[in-house]
Every structure is written in C-alpha cells, then in structure tokens.
Amino acid sequence: MPTFECDVCIVGGGISSALLAQKLAELRPGTSTIVVEVGDRLFDTQRRWQDRLRSLAYGENPWPGDYVEDQAAAGVISRSMAVGGSALHWGGVTNRFSEEDLRLRSMYGLAVDWPLEWTELERFYCEAERRIGVGGEPGPLPEDKRSEPYPMQPMPLSWNLRQIKAWADKSAIPFWGTPQAKNTVPYDGRSECRRCNTCEICPTGARYSPDETFRRLLAAKAIALHDRTLVRRLLARDDGKTSQIAVAQATHRDRPDDPVEYRARLFVLAGGYCWTPHLLLSSASSRFPGGLANSSGTVGRHMTGHAFVGAHIELDAEIYPGMNDQHSLISRQFFRCAADQPYVRHDFRIWESSVGREPRLKSDDGRLLMGDALLADWRARAKRGTARVRAYYDVHPSAESRLTLDASLKNRFGDVMPNITHQLDAATEARVPATKRHILAQFERLARANNARILSTSESNYLDHPAGGCRMGTDRSASVCDSFGRTHDHENLFVVGAPTLPTGGCTNGTLTFAALTLRSATEVARSLA
Amino acid sequence: MKRRTLLQLLAATLVALPARIGLRAQSTTLAAADVERLRLVAEVVLPQEIGIAGRTRAVDQFLTWLQHYRAGAETDHGYGFPRLRRTASSPAAKYARQLHDLGATFPQMAVTARVGAVEAAITAAGVQRLAGRPDGGHIASDLMAFYFNSIEANDVCYRAQIGRDTCRGLNGSENRPAPLPRGL
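(A) Expanded view of the overall build of chain B. Helix and strand counts for chain B stand at seven helices and zero strands. When each of the 184 residues of chain B is scored for burial, the buried share is 48%. Partitioning the contacts of chain B with sequence separation of at least 6, the portion at a separation of at least 24 is 56%. Here chain B has roughly 8900 Å² of accessible surface; of this, 54% comes from carbon and sulfur atoms.

(B) Up close: the interface of chain A and chain B. Each partner contributes residues to the interface: chain A has 68 residues there, and chain B has 67 residues. Approximately 5600 Å² of surface area, both sides summed, lies buried where chain A meets chain B, with 60% of it carried by carbon and sulfur atoms. For chain A, the biggest contributors to the area lost against chain B are A:Tyr58, A:Met370 and A:Arg379; these three give 13% of the whole. Between the two partners, chain A and chain B, sit three salt bridges. Residue B:Arg70 is joined to A:Glu60 by a salt bridge in which the shortest nitrogen-to-oxygen separation is 2.2 Å. Run the count over chain A and chain B and you get 31 residue pairs in polar contact (both at pLDDT 80 or more). Within the residue set of the side of chain A that touches chain B, elements represented by two or more residues are α2 (45-58), α6 (159-169), α9 (371-381) and β15 (464-467) of chain A. No other element matches the 11 residues that α2(A) contributes to the side of chain A that touches chain B.

(C) Representation of the nonpolar core. Residue and element names in this part refer to chain A. Formed by 91 residues in total, the largest nonpolar core has its most connected members in Trp114, Leu121, Leu234 and Leu280. When residues of this core are assigned to their parent elements, the largest contribution, 10 residues, is made by helix α11 (residues 510-528). For Leu121, the residues in contact, after removing those within four places along its chain, are Leu102, Trp114, Leu116, Ala515 and Leu516.

(D) View of unusual backbone geometry. All names here are of chain A. Its identity as a non-glycine residue notwithstanding, Asp188 has a phi of 55 degrees, on the positive side. Position of Asp188 relative to the elements: it lies in the loop between β3 (176-177) and α7 (210-219). The phi dihedral of Arg228 falls on the positive side, at around 55 degrees, and the residue is not glycine. Within the element layout of this structure, Arg228 appears in the loop between β4 (224-226) and β5 (229-238).

(E) Looking closely at the packing of aromatic side chains. Evaluated as defined, the whole model comprises 19 aromatic pairs over all chains. When the centroid spacing of 5.4 Å and the interplanar angle of 20 degrees are considered together, the rings of A:Phe4 and A:Tyr262 count as stacked. Taken together, the residues span a long stretch of sequence, with A:Phe4 in strand β1 (residues 3-11) and A:Tyr262 in strand β7 (residues 260-269) at a distance of 258 residues. Accessibility expressed as a relative area gives 1% for A:Tyr262, which makes it buried. Taken together, the ring pairs connect A:Tyr58, B:Phe62, B:Trp65, B:Tyr69, B:Tyr95 and B:Phe146 into an aromatic cluster. Here the guanidinium or amino end of A:Arg390 rests over the ring plane of A:Phe308, the centre of that ring lying 3.8 Å away.

(F) Local environment of the state of the cysteines. Inspection of the entire model under this criterion finds one disulfide over all chains. Linked covalently through their sulfurs, A:Cys196 and B:Cys167 form a disulfide whose S-S length is 2.1 Å. Taking the sign of the S-S torsion, about 120 degrees here, the bridge from A:Cys196 to B:Cys167 comes out right-handed. Of this pair, A:Cys196 sits in the loop between β3 and α7 while B:Cys167 sits in the segment after α7 (151-158), placing the two residues on different chains. The two residues A:Cys196 and B:Cys167 agree in class, both being buried. With no disulfide of its own, A:Cys199 lies 6.2 Å from the sulfur of A:Cys193, the closest cysteine sulfur.

(G) Region of interest: the pattern of salt bridges. Residue and element names in this part refer to chain A. Tallied over the full model, the rule gives 51 salt bridges over all chains. Its salt-bridge partner being Asp254, residue Arg228 comes within 2.7 Å of it at the nearest N-O pair. Placement of the pair is Arg228 in the loop between β4 and β5 and Asp254 in the loop between β6 (243-252) and β7, with a sequence separation of 26 residues. Connected through shared salt-bridge partners, Glu314, Asp316, Arg357, Arg384 and Arg453 make up one network.

(H) Geometry of helix α3 (residues 51-67) of chain B. Counted at 1.5 Å a residue, the expected span for α3(B) with its 17 residues is 24 Å, and the 24 Å between its end C-alpha atoms agrees. Within the span of α3(B), buried status applies to B:Gly54, B:Arg55, B:Ala58, B:Val59, B:Phe62, B:Leu63, B:Trp65 and B:Leu66. On the buried face of α3(B), the contacting elements are α2 of chain A together with α2 (32-45), α4 (92-101) and α6 (139-148) of chain B.

(I) Structural context of helix α10 (residues 426-448) of chain A. Residues and elements named next belong to chain A. The terminal C-alpha atoms of α10 lie 34 Å apart, and with 23 residues this matches the ideal 33 Å at 1.5 Å per residue to within 8%. The largest bend in α10 is about 45 degrees, located at Val432, with the proline Pro433 one to four residues further on. Turning to α10, the residues buried within the fold contact α6, β8 (304-315), β10 (348-353), β11 (385-394) and β14 (453-459).

(J) Main features of the environment of A:Leu455. Tracing the sequence through the fold places A:Leu455 in strand β14. Taking the relative accessible area as the measure of exposure, A:Leu455 reaches 31% and is therefore partly exposed.

(K) How the structure looks around the pairing of β11(A). All names here are of chain A. By the criterion of burial, β11 is predominantly enclosed, with nine of the 10 residues buried. Here 10 bridges tie β8 to β11, and the two strands are oriented antiparallel to one another. Within β11, the residue paired with His312 across the bridge is Arg388. Where β10 meets β11, five bridges bridge the pair, whose relative direction is antiparallel. Along β11, the bridge assignment pairs Trp351 with Arg388.

(L) Summary view of the confidence of the model for chain B. All names here are of chain B. Looking at chain B, pLDDT values average 88 and 84% of them are 70 or higher. Below a pLDDT of 50 lies the segment residues 1-8, which in the model reaches 19 contacts outside its immediate sequence neighbourhood of four places, other chains included. Low pLDDT, under 50, characterises residues 15-25; the predicted model gives this stretch 15 contacts beyond four residues in sequence or across chains. In the predicted complex, the global pTM is 0.95; the interface-specific ipTM is 0.92.

(M) Structural detail: the pairing of β7(A). Residue and element names in this part refer to chain A. Buried residues dominate β7, accounting for eight of its 10 residues. Strand direction decides the pairing type here: β1 and β7, joined by eight bridges, are parallel. Opposite Phe4, over in β7, you have Tyr262 as the bridge partner. The pairing of β6 with β7 spans three bridges and is antiparallel. In the strand pairing of β7, Gln249 is matched with Glu261.

What counts, and where the lines are drawn
Residues numbered from 1 in each chain as written. Chains lettered and ligands numbered in written order. Predicted model: local features only at pLDDT ≥ 70, side-chain atom pairs only at ≥ 80, totals over all residues. Heavy atoms only, no water. Helix = DSSP H or I, 4+ residues; strand = E, 2+ residues; numbered from the N terminus. Buried < 20%, exposed > 50% of the residue type's maximum accessible area, 1.4 Å probe, protein only. Contact = heavy atoms within 4.5 Å. Areas by Shrake-Rupley, 256 points an atom, 1.4 Å probe, with all protein chains shown as cover. Buried area = accessible area lost by both parts, 1.4 Å probe. Salt bridge = Lys/Arg side-chain N within 4 Å of Asp/Glu carboxyl O. Polar contact = N/O pair within 3.5 Å; in protein donor to acceptor, adjacent residues only side chain to side chain. Core = buried A, V, L, I, M, F, W, Y, C linked by side-chain atoms within 4.5 Å. Phe/Tyr/Trp six-rings, centres within 6.5 Å; stacked < 30°, edge-to-face > 60°. Lys NZ or Arg CZ within 6 Å of the ring centre and 35° of its normal. Disulfide = S-S within 2.5 Å. Expected span 1.5 Å × (residues − 1). Bend = angle between axes of the 7 residues up to and from the residue. Pairing = 2+ DSSP bridges. pLDDT = per-residue confidence, 0-100.

Okay, structure coming up:
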C-alpha cells in the first residue's frame with residue numbers, strides 16, 4: 001500500500017485549501033504539505049477560451065470534467081469537484097459579513113455568537129482581499145468602516161448600472177458597486193478584467209481562481225497535489241488522554257484496488273460544507289461511533305446559508321442588455337437592525353436584466369412572430385429597461401438542519417453519500433413572513449421611485465451560499481471546533497472555511513470562508529513550530 | 001474584441017475541437033439541396049433589415065454551429081444547477097426531414113406562400129417559444145433562435161454596439177454603447 005508522509009495533509013482542493021496552502025508555505029517554508037483532491041486538475045488555461053465559446057454556443061460545461069459522477073450528495077448546491085473547487089466558476093463577489101453576524105445572541109438573543117471578535121475577523125478580511133485581489137469602493141455607511149483600503153480601484157459601473165443607480169438613488173436607499181475579486185488593473189501577475197461577461201469561466205484570469213494559486217504553489221514546489229484521489233476515512237489514535245488523527249485512508253480513482261494512506265502531523269479538512277462533515281461522519285468506528293470530532297453530536301448539524309426574495313422591475317431607463325450583467329449594485333442599508341425593532345436583516349442587490357425584453361416567438365395575442373415582425377416586437381418591448389433585484393435575508397438553522405449519511409446513495413466504492421436537508425430554527429420560522437413583507441415593500445419603494453413596475457417576484461426554496469456542519473464555538477458540548485478550526489476532540493485535526501460558520505449571514509459567504517481560513521492558517525503554522 | 005473577430009474565433013475553435021474530444025460521431029451536416037431550402041426559409045424568418053448578406057452570414061453560421069454540434073457533451077451544471085446532463089443527439093437528421101416536409105413546391109412558392117408554409121410547420125411542430133439556443137423543435141424556429149439570440153441580433157435590436165460576451169475591456173464601458181454603423 002502506498003503511504004505518504006508529510007507535515008500537513010489538506011483534504012480538499014478548493015479556495016480554502018488554496019489559501020491555506022499558500023499562507024503555510026509563506027509562514028513555514030519547507031513544510032511538506034500534500035493536498036488531496038478527488039477531482040481533476042484543470043490547468044489548461046489556453047483551452048478556457050475554447051471551452052467558454054462552446055459554452056456560449058452550445059450550453060456545454062465550460063469546465064469539462066469538473067465533477068465526479070458518483071460522488072454526489074442529495075441537497076448539494078453544486079456538483080463542481082476539481083482542483084479549485086466551486087470557486088472555479090464563482091462570480092467573484094466578495095461582500096463582507098457585518099459585526100451583527102458575529103453577535104446575534106448578545107445583540108438580539110438569536111442563534112449563537114461566533115467565538116471571535118469582529119475586529120479580529122476584519123483583519124483577515126483585509127488579508128483575504130489582498131491575496132485574492134479585490135476591487136471595491138468603500139460604502140457610505142460608517143458601520144462598514146474598513147481598516148485598510150481595497151487593494152484595487154472598484155470595477156467601473158457600466159452605462160446600464162449607472163442608469164439603474166440613478167433610478168435607485170431616488171428611493172433614498174444608498175447603492176454602490178459590489179466589490180469583486182476581479183482585477184481592475186493588472187494585479188498579482190494576472191491581467192485586468194476585459195468584461196467578457198462570462199465570469200463563471202473567466203478567459204483572461206482577471207477573476208481570482210484558486211487553481212491558479214495551486215499552479216503557482218506547484219511550480220514553486222511548495223506543495224504536492226494528489227488529484228483524482230478520494231479520502232474516504234480518517235483513523236484516530238487515542239491513548240486515553242489525547243486523541244489524534246493518525247491516518248487518512250484514500251483511493252486513487254484510477255487504481256481502486258490499491259488503497260493509499262496519508263500520515264501527517266496535522267490534518268486539515270478543506271472539503272467545504274458538504275464533504276468535510278461527510279468525511280467526519282464516514283469515519284465512525286467502535287471507538288467513535290458517531291464519527292470523528294463529534295463528541296458534541298453536532299457534526300453535520302446546523303447546516304446554514306441564507307434565503308432570498310427576488311424580483312424583476314421594469315423601469316424607464318435606457319438599458320442595453322449584455323454590457324456586464326455579472327456586476328451589480330449593493331446596499332448594506334439593511335445589514336443592521338435596531339435591537340428594539342423586529343429583527344430583519346438582508347442585503348440588497350440590483351443587476352441589469354433582459355427579462356421581458358427578450359426576442360419572442362409569439363405576441364401577447366398568440367400570433368406567431370417571424371422576421372421583421374419579430375424584430376419589431378422585440379424593439380417595441382426593448383424601449384423600457386429591466387432591473388433584477390434580490391435580497392438575501394438572514395435565517396438561522398436549527399440543530400435539525402442536517403447533513404446525514406444516506407444509505408440509499410453510494411459511490412462506486414460502496415461509500416455512503418450525504419443528504420442535506422435545511423431546517424430553520426423556530427424564531428426564524430416565526431419571522432420569515434414579516435421579513436418577506438419588509439423586502440417586498442423595499443422593492444415597491446424602488447419601483448415607485450420612477451414610474452417603474454414589478455414584473456415578477458420569486459423566493460428561494462433552498463438556502464444559498466451554504467455553510468455549516470462543523471460549527472465553531474467555545475462550548476465543546478455544542479460545537480465541533482474552536483475559532484481557529486481546531487477540532488475539540490482531536491488536537492491535530494482542523495476544519496477550515498465554510499463548515500465552521502455557525503450562521504450564514506445575509507450576503508455571499510466566500511470572502512468570509514477565506515478570511516476564517518487565513519486566520520486558521522496562522523494557528524496551523526503555529527502548531528507546526 | 002470586434003464582433004467579426006469573435007465569430008472568426010468561434011469558427012476556428014469549432015473546427016478545432018471535435019477532433020480533440022471523442023464524442024459520438026453523427027451526421028451533422030445538411031445536403032446541398034437542404035441548404036438551399038434553408039436559405040429560402042431564412043428569407044421569411046430573419047429580418048429584411050440585415051439584408052441578403054446578413055441572412056447569408058446567419059445561415060452559414062448556423063450551418064457551422066450544426067456541423068460542430070456534439071451529441072452527448074456535458075452541459076453546464078455550475079453553481080446552483082447540480083443536475084448533470086448531456087446534450088441531445090444532433091438535430092441534423094430531423095432538420096433534413098423538416099425541410100423536406102415543407103413540400104416539393106416550397107422552392108417555387110411566392111414569399112407569402114412560403115411564410116404560410118413555415119408558420120404551419122412551426123405550429124405543427126408544437127413550438128411555443130423561442131428557445132435560448134437551437135433545440136431541435138423545428139429548423140425554422142431554431143434558425144430564429146440561433147440568430148435572434150446572437151450577439152449580432154442584440155446589437156441590431158438596440159441599434160448599438162453592445163458586443164455582449166465579446167471581452168470589450170473596461171475603458172469606455174461607463175458610456176452609452178456607440179450606435180451601429182450604417183448598413184449593419
């Protein structure tokens with residue numbers, strides 16, 4: 001059996017893994033680090049132009065082969081499984097959470113507090129923004145004060161967003177450009193954004209992508225990358241006083257009959273909100289019947305994220321769909337909620353849209369449209385513009401919001417696959433109707449501001465930007481790890497990124513996952529000393 | 001990137017790819033007589049405003065698209081779309097049948113009669129909406145889907161050089177798109 005020994009074994013190859021490996025290589029040069037990832041490495045940057053064009057022309061996967069067919073979870077939000085993880089095709093939105101997210105219990109009597117201070121997290125937000133390269137404009141609200149400027153100037157607002165901002169400003173809700181991990185100037189050896197409008201596969205490298213970090217680490221021989229290798233189980237060594245992870249058992253997808261072992265001083269699980277708790281639960285043994293790191297019984301619980309309400313609004317504005325529909329406006333006006341008011345917290349985003357302005361085959365009276373008639377109909381409807389609005393609102397998971405092992409789902413090796421079912425806590429359930437009314441009232445407020453009308457509304461039937469499953473905390477009986485991600489039960493086992501979040505905030509989570517991981521990296525490095 | 005440049009790049013890419021990726025081999029071309037019929041269909045389903053040259057270009061690009069269609073290719077799953085799917089079989093054979101079904105006299109019909117024949121065929125095929133990209137519903141509606149969802153048609157509709165998906169750069173994007181040059 002091939003056995004690999006190293007200082008640090010990182011399980012998973014997404015954005016948290018990339019940033020952790022990068023920082024470890026800086027803090028502890030010479031550390032032997034192995035990253036184990038079940039998916040492939042898709043490093044052919046030349047091919048991205050071609051794959052992008054095939055995606056546009058045929059709807060083909062712009063990242064061919066970025067999944068493992070039978071490594072599938074029920075209730076998962078993305079099948080992406082490759083070196084780079086879900087962030088291969090992320091939109092690059094890098095909003096921060098707010099201090100309220102860390103103080104829900106002490107400020108509002110809701111959910112739990114996070115076990116770290118806002119000022120501490122803010123420091124690592126700055127570091128994450130520097131490492132991945134974020135362009136943004138500081139918001140006007142004093143609560144959003146930053147300790148460092150954005151590393152890059154903001155993405156300029158397109159003509160469309162300028163029109164929409166002028167319209168939105170009449171509502172007296174302040175909006176500004178969303179910060180993004182896209183280069184507005186050449187940065188970190190990557191080119192500036194060219195507004196290709198396909199950020200899910202950025203052909204220029206202007207949008208941060210973790211695979212690039214891995215490529216550089218490999219070129220510098222700072223890590224070893226074992227792709228196509230599935231870590232299926234961790235084994236703990238327990239002397240009665242302390243417990244440590246001794247071995248990660250794995251299988252290379254091309255050599256299923258020849259298992260692989262990894263032995264390391266430290267193990268770091270960076271498999272995201274789904275596969276990290278899944279691995280811990282799958283590592284159950286007679287000594288640890290509930291799985292590893294699970295003396296609290298909370299592994300796979302408190303699966304979180306945020307819900308949303310959206311709408312399309314028709315407005316009097318000269319909008320040219322397709323200028324840059326990946327960029328949006330944001331307002332953080334509703335990130336805060338006075339303690340004596342009903343609890344409602346949400347972000348507020350606006351994008352250009354072509355909804356209601358697309359070419360169509362039939363007129364309102366059912367007449368078939370072709371040729372000149374179709375073009376005339378399209379032009380007539382294109383005279384007004386459309387904005388897409390969305391508010392992610394804060395919801396809190398119950399302990400029954402779970403990732404469980406589902407014996408009806410198995411991969412090719414017979415391993416039981418996960419099933420995720422979100423469930424909100426009672427306080428959240430009780431306030432959701434009022435939250436939705438509040439958000440719809442804000443949409444109406446926007447619409448009324450300038451002879452606009454709401455074309456349609458929609459709401460989520462899932463939690464977006466999912467996280468949780470190994471929540472951090474100071475209470476060992478109610479959490480899996482401490483604020484650095486070190487598990488309470490096994491001193492050489494860390495969990496990083498999305499799974500550690502106790503609650504999911506009310507805006508995109510990736511920057512928070514990255515900031516927490518970078519903070520974990522300092523502790524991982526210290527542990528190696 | 002200029003629109004023509006993008007189209008040239010697309011054509012070059014489409015030519016280069018199939019040999020690299022071994023997917024199911026199928027006939028993905030139309031016979032010469034079918035292509036001539038398709039050009040007659042284009043006369044009635046594409047706008048007069050783009051002229052003969054524009055319609056010829058649209059049909060040529062549609063044929064290139066069809067030629068390099070790959071059955072069984074992975075489709076975009078991405079974030080929020082966890083279901084894995086593959087592209088359907090090539091619509092080429094179905095297209096040939098549909099062109100044939102327009103009738104032996106279709107090439108000799110007056111334009112108004114051809115309009116009626118194409119409308120009847122689309123209705124008979126049960127096509128209810130313009131697809132985001134050709135989906136095999138009917139070759140006439142698929143040609144419309146191909147053209148009207150194109151970068152070029154978007155520019156024609158708005159009479160502006162929007163250049164959707166064409167990597168235009170940051171400079172100047174805060175300005176209103178320039179008007180289309182006359183004749184486009």
